[in-house]
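Commentary on secondary and tertiary structure
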Amino acid sequence: MTAGNGSLARLEALLGADVIRTAAAELEPLQQDHRRLYQGRALALALPRTVEEVSTLLAFCHAQRIGVVPHAGNTSYCGGATPDASGTQLVLSLRRLAAIRAVDPLNYSMVAEAGCILATLQQAAAAADRFFPLSLGSEGSCQIGGNLSTNAGGLNVVRYGMTRDLVLGLEVVLPDGRLLSSLSSVRKDNTGYDLKSLFVGAEGTLGVITAASLKLFPLPRDVATAFVAVPRPQAAVELLVRLREASGDRVGSFELVPQIAIDLTTRHIPGIVAPLDRASPWYVLCELSSPRADEGLGVLLETELGRAFEAGLVTDAVLAQSERERQAFWRLRESVPTAQTRDGASLKHDVSVPVAQLPAFIEQASRWIEAQVTDAVLVAYGHVGDGNLHFNLNQAPGTPAEALQAQEAKIRRAIHDLVHDFGGSFSAEHGIGRSKVEELARYAPPVELELMQAIKRALDPHGIMNPGKVLQP
Ligand code: MLT
Ligand code: ZN
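Notes on the structure follow.

Considering helix α11 (residues 323–334)
When the terminal C-alpha atoms of α11 are compared, their 16 Å separation across twelve residues agrees well with the 16 Å that a helix rising 1.5 Å per residue should span. Taken together, the buried positions of α11 are occupied by Arg326, Phe329, Trp330, Leu332 and Arg333. All buried residues of α11 project into a common sector of 155° when viewed along the axis, lining one side.

Structure, rendered in structure tokens:
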């Protein structure tokens, strides 16, 4: 599709210069993705102030065949919010649609607009004595609209599920400008197809989410957090089972951290210190939480870690004695991606396998890396509680970045083929964007691809929504 200057002039006349921005300084930040993998060129930036303006905008772009790239906090790992280099695509930011429309403590629900920053949402829920459990390292800048569009995962999935599991209703502007408004806050609604679910995780390729009705939960009042040294991933998986059973399924987070992540974060992130004195090949950051203040989770966690120590599953542990110590544990974990970037070139894999299979996957994938890859160090960490592992690699000290980068395709293929053999996913939480379009075409069963293409044609017949993302054109 093309968008001559005539269309842009008409769009500016339609919505005004306050909404349609063309200044280079405003476009520049939108034209590179979070990981600096892609450099695009935007036709313009649209900053609608109301849902009606989003509707007017999309109806125009639909008629004029102008590509629209929805843009939220730009924290995508897959280039999902970056325009292509043609200079013909309109970047659509909802940062001006950022209201908290309602918080209903009695119904345990809230309605927020897509441009609302995740941390703001969390704070609004807490102010009403409720808990919105989606939690990501980027929560200070990512927008709930982007979290919905990518079905974000994060740190609390083991207990609360992915973003999809937190949605009660959505308001969506369809590619032709029509409004799908189903901001229901009922828990049960079996009236036909579950249309809202189509848009969660669609990465802006089927329409523009402008608001969401979201589930809230009781605020955790008793929280126990520990940084635990374990000898191997299998011990971590067995410890997870012990804690889930002993705590009445109060495990909120369960993260696997390798020793190299401690080395990288203490080296590159000011203020990070190793939680334990002695090194260990692996660690687990685990957190139990309960809405009951008197649950005694600290004593329970300490007791269970003692039993796990006796069983040889744990070699050392430290429980957070204060909120400050708890935050320090989490800051270490959430700093791993930044520490990797500061250390040099890195390859990222965001994969998932059934939790019980994770140790075997790590074993087989690590063996392959040792045998087939040079100039790299393995940095495998992540959300063991839900089977999602970031099987990343960094350039080895003293080696050129190009040496690792030259092996990227070979490594990606081997890791994703192995994940496929384990019945897992080659993209657990980061989505497809632009960087994994070929992977989706390779691994998704043909019938799934046919259905996705049929849905895309039905909802976006002119292909204006986020062209080149998720599905092959
Ligand atoms: C994380 O779990 O740290 C994020 O998904 C980012 C990453 O993959 O590095
Ligand atoms: Zn992650």
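Details of the site of ligand 1
Around ligand 1, the structure places Tyr77, Arg333, Pro337, Lys348, Tyr381, His383, His390, Glu429 and His430. The side chain of tyrosine 381 places a nitrogen or oxygen atom 2.5 Å from an oxygen atom of ligand 1. The separation between an oxygen atom of ligand 1 and a polar side-chain atom of histidine 383 is 3.0 Å. Partitioned by chemical class, the residues of the shell around ligand 1 number three nonpolar, three polar and three charged.

Topic: the sheet that holds strand β5 (residues 100–104)
Judged by pairing direction, the sheet is antiparallel, and its five strands sit side by side in the order β5-β6-β10-β8-β9 without closing on themselves. Every interior strand has two partners, whereas the edge strands, β5 and β9 (179–182), have only one. Strand after strand, the sheet turns through a mean of 15° between neighbouring axes, direction not considered. Where strand β6 (residues 109–113) lies against strand β10 (residues 208–215), five bridges are found, and the strand directions are antiparallel. Looking at the pairing, glutamate 113 lines up with alanine 211 of β10.

Some remarks on the environment of glycine 424
With respect to the element layout, glycine 424 can be found in the loop between α15 (408–421) and α16 (437–443). For glycine 424, a relative accessible area of 27% gives the class partly exposed. Sequence separation between glycine 424 and proline 354 is 70 residues; the distance between their C-alpha atoms is 6.8 Å. Once you skip the residues sitting within four places of it in the chain, glycine 424 turns out to touch Ser352, Val353 and Val419.

What to know about the sheet that holds strand β2 (residues 42–46)
Taken in spatial order, the four strands make up an open sheet running β1-β2-β4-β3, and their pairing is mixed. Every other strand in the sheet has two partners, leaving β1 (20–21) and β3 (68–71) as the edge strands with one partner each.

Remarks on the pattern of salt bridges
Counting across every chain of the model gives 26 salt bridges. For the salt bridge of aspartate 18 with arginine 96, the shortest nitrogen-to-oxygen distance reads 2.6 Å. Linking aspartate 18 in the loop between α1 (5–15) and β1 with arginine 96 in the loop between β4 (89–93) and β5, this pair joins segments that are 78 residues apart in sequence. With relative accessibility at 30%, the residue arginine 96 sits in the partly exposed group. For arginine 333, the salt bridge identified is with glutamate 255, shortest N-O distance 2.8 Å.

Details of the packing of helix α8 (residues 233–246) against helix α10 (residues 297–310)
Viewed as axis vectors pointing N to C, α8 and α10 meet at an angle of 140°, and their least axial separation amounts to 10 Å. Taken as axis vectors, α8 and α10 run oblique relative to one another. Regarding α8 and α10, the two cross each other, and that crossing is right-handed. Residues Leu239, Arg242, Leu243 and Ala246 of α8 touch α10, and the partners they reach there are Leu300, Leu301, Glu304, Leu305, Arg307 and Ala308. In terms of residue class, the contact of α8 with α10 is made up of seven nonpolar, no polar and three charged.

A word on the nonpolar core
Phe254 and Phe361 are the most contacted members of the largest nonpolar core, which totals 45 residues. Going through the elements one at a time, β12 (222–230), α8, β13 (251–258), β14 (282–290), α10, α13 (358–372), β19 (388–395) and α15 are the ones with two or more residues in this core. Of all the elements, α8 adds the most residues to this core, at six residues. Apart from residues no more than four positions distant in its own chain, phenylalanine 254 is found in contact with Ala236, Leu239, Leu240, Leu243, Val284, Leu285, Cys286, Gly382, His383, Val384 and Gly385. By size, the runner-up hydrophobic cluster in this structure holds 29 residues, among which are Ala112, Leu148, Leu166 and Leu216.

Criteria and thresholds
- Per chain, the residues get numbers from 1 upward, laid out in the order the sequence is written.
- Labels follow written order: the first chain is A, the first ligand is 1, and so on.
- Only residues with pLDDT of at least 70 get local features here, since the model is predicted, and only at 80 or more are side-chain atom pairs given and counted; chain-wide, interface and lining totals rely on the full set of residues.
- Calculated side-chain values reflect all of the structure's heavy atoms, with hydrogen atoms and water omitted.
- Runs of H or I in DSSP of at least four residues are treated as helices and runs of E of at least two as strands, each being numbered from the N terminus.
- One less than the number of residues in a helix, times 1.5 Å, gives the span that helix is expected to have.
- Exposure is judged per residue with a 1.4 Å probe applied to protein chains only, and the accessible area is read against the type maximum: over 50% gives exposed, under 20% gives buried, and values in between give partly exposed.
- The reported arc concerns the directions from the helix axis to the C-beta atoms and nothing else.
- Here a residue is near a molecule or strand as soon as one of its heavy atoms is found within 4 Å of it.
- Throughout this description, a polar contact denotes any pair of N or O atoms lying within 3.5 Å of each other; where both atoms belong to protein, one of them has to be capable of donating a hydrogen while the other can accept it, and for residues adjacent in sequence the pair is counted only when both atoms sit in side chains.
- In the scheme used here, Gly and all other residues not listed as nonpolar or charged are polar, with Ala, Val, Leu, Ile, Met, Phe, Trp, Tyr, Cys and Pro taken as nonpolar and Asp, Glu, Lys and Arg as charged.
- A pair of strands is treated as paired once DSSP finds two or more bridges between them.
- To obtain an axis, a line is fitted to C-alpha atoms, over the contacting stretch when the element is a helix, and the angle between two such axes runs from 0 to 180 degrees between their N-to-C directions.
- Contact between two residues is taken to exist if any of their heavy atoms lie within 4.5 Å; hydrogens are not considered.
- Here, a salt bridge means any Lys or Arg side-chain nitrogen found within 4 Å of an Asp or Glu carboxyl oxygen.
- Orientation labels follow simple angle bins: below 35 degrees gives roughly parallel, above 145 gives roughly antiparallel, 65 to 115 gives roughly perpendicular, and whatever is left gives oblique.
- If you view the pair so one helix is near and one far, a crossing is left-handed when the near helix is turned anticlockwise from the far one by less than a right angle, and right-handed when it is turned clockwise.
- Here, the term nonpolar core denotes a set of buried Ala, Val, Leu, Ile, Met, Phe, Trp, Tyr and Cys residues that are joined through side-chain atoms within 4.5 Å.

By themselves, these are just geometric observations and shouldn't be taken as functional.
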